[in-house]
Amino acid sequence: EFRRVLFRSEVISELFKAFKKRTDILNGLRYFHGPNSATVIPVLSPRPARPARVAEGVTSASADSTAALGTTELKPETYYSELPASFETLKYLPVDFERELVTIFADAFADAMANQVVNGRGKTSYNEFGGLFTSVPVGNQISCGASGAPKISDLVNLALKMQEVVMRDPTIVISPILYAGITAATVSGYDVYKNELILNRTIEGVKIEVCGYAPSTTTADSIVAVGFDKNDYAVGIAADLTIEPIRAKGDTNTYFQAIMGIDGKPIVAANLYGLKAIAAGA
């Protein structure tokens, strides 16, 4: 007979490993987890000004007007998954099914997390993360050189912009469809970049992450690629994954309901850059 299960401590650690292995987009992000339902993260936004020399014994050094110490808040909200299992499966399955549920639900929740990291639309849409492709500030949207799908020259421009702002772990996220178009196209003068992209999955040393969750829409004003620092995206996960078996009258199946509190958002929105598709003739 199955009992209500709360997976804690060491099982949660295994759950996190499964999350990060599920897709590259979850690797390298900043994770916050614990018993609290909300996590407040202190951040320095956007970054300290360049230090300047002062005279010995100075008593009137200028204050830093570039950076501002503030906070961003994660508020994990409820996500739900359900797995039906027949009587025969539970009766004759030769494994510890309770432990197996961790792997099963880790895969399901990782899928939800990865999609939300890329496509979430923030709290304006119920229970959604602040997604990479929906959170790029207008001032950080770099127009592509021509209408339609981005070209390799556009990726170069985005990569150089990310180097200009000095990121620790710069990454460009793009869909497989748009990536395939870029690598298939012949662009005079960009062979060296194309070789780098295919051989190393980098452009100007910036990592290119091909992600199936990324959108491939190329209509005007659509964000077709996002550049960000993985250290600048935070995911908050409540400490407990709750799994409950549910039985119904006249039903021989058992329904395992998994519930978990999760949230995520860019810590500093000003560090998010995107390539923007343009209209024909623009």
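Just so it is clear, the model here is predicted, and its values are computed rather than measured.

1. Some remarks on the confidence of the model for the protein chain
Next up, step 1: Mean pLDDT over the protein chain: 82, with 79% of residues reaching 70 or higher.
Next up, step 2: Contacts from residues 1-10, a stretch scored under 50 in pLDDT, to residues over four places away or in other chains number 27 contacts.

2. Some details on the pairing of strand β13 (residues 254-266)
Next up, step 1: With ten of 13 residues buried, β13 lies mostly within the body of the structure.
Next up, step 2: Where strand β5 (residues 77-85) lies against β13, nine bridges are found, and the strand directions are antiparallel. Paired with E77 across the bridge in β13 is I262.

3. Details of the sheet that holds strand β7 (residues 170-174)
Note: strands within a sheet are paired through backbone hydrogen bonds, in either parallel or antiparallel orientation.
Next up, step 1: Strands sit in the order β6-β14-β10-β7-β9-β8 across an open sheet of six strands; the sheet is mixed. This sheet does not close on itself; its edge strands, each paired only once, are β6 (141-143) and β8 (202-203).
Next up, step 2: Strand direction decides the pairing type here: β7 and strand β9 (residues 206-210), joined by four bridges, are parallel. Residue pairing for β9: I174 is matched across the bridge by V210.

4. Focus: the packing of aromatic side chains
Next up, step 1: Enumeration over the complete set of coordinates arrives at two aromatic pairs.
Next up, step 2: Ring geometry for Y79 against F129: centres 6.2 Å apart, planes inclined by 85°, an arrangement best described as edge-to-face. Linking Y79 in strand β5 with F129 in the loop between α3 (97-119) and β6, this pair joins segments that are 50 residues apart in sequence. Accessibility assignment for this pair places Y79 and F129 in one class, buried.
Next up, step 3: Aromatic pair Y190 and Y193: ring centres 5.8 Å apart, planes at 35°, arrangement tilted.

5. With respect to the pairing of strand β11 (residues 233-238)
Next up, step 1: With six of its six residues buried, β11 lies for the most part within the structure.
Next up, step 2: Two strands pair when backbone bridges link them, and β11 and β13 are joined in this way by five bridges, in the antiparallel orientation. In the strand pairing of β13, Y233 is matched with P266.

6. A look at the nonpolar core
Next up, step 1: Within the largest apolar cluster, 35 residues are counted, with the highest numbers of intra-cluster contacts made by I25, L26 and L132.
Next up, step 2: Only β5, α3, β10 (223-229), β11 and β13 provide two or more residues apiece to this core.
Next up, step 3: The element that contributes the greatest number of residues to this core is α3, accounting for nine residues.
Next up, step 4: Formed by 24 residues, the second largest nonpolar core is a distinct cluster that contains V156, A159, I172 and L178.

7. Observations concerning helix α4 (residues 152-164)
Residues that lie three or four places apart on an α-helix share one face, since the helix turns once every 3.6 residues.
Next up, step 1: Taking 1.5 Å as the rise per residue, α4 with 13 residues should run 18 Å; its terminal C-alpha atoms sit 18 Å apart, in good agreement.
Next up, step 2: Of all the residues in α4, the buried ones are I152, D154, L155, V156, L158, A159 and M162.
Next up, step 3: Positioned one or two residues after α4, V166 has a phi angle of 60°, which is positive.

Here is what the cut-offs are and how they apply
Residues numbered from 1 in each chain as written. Predicted model: local features only at pLDDT ≥ 70, side-chain atom pairs only at ≥ 80, totals over all residues. Heavy atoms only, no water. pLDDT = per-residue confidence, 0-100. Contact = heavy atoms within 4.5 Å. Buried < 20%, exposed > 50% of the residue type's maximum accessible area, 1.4 Å probe, protein only. Helix = DSSP H or I, 4+ residues; strand = E, 2+ residues; numbered from the N terminus. Pairing = 2+ DSSP bridges. Phe/Tyr/Trp six-rings, centres within 6.5 Å; stacked < 30°, edge-to-face > 60°. Core = buried A, V, L, I, M, F, W, Y, C linked by side-chain atoms within 4.5 Å. Expected span 1.5 Å × (residues − 1).

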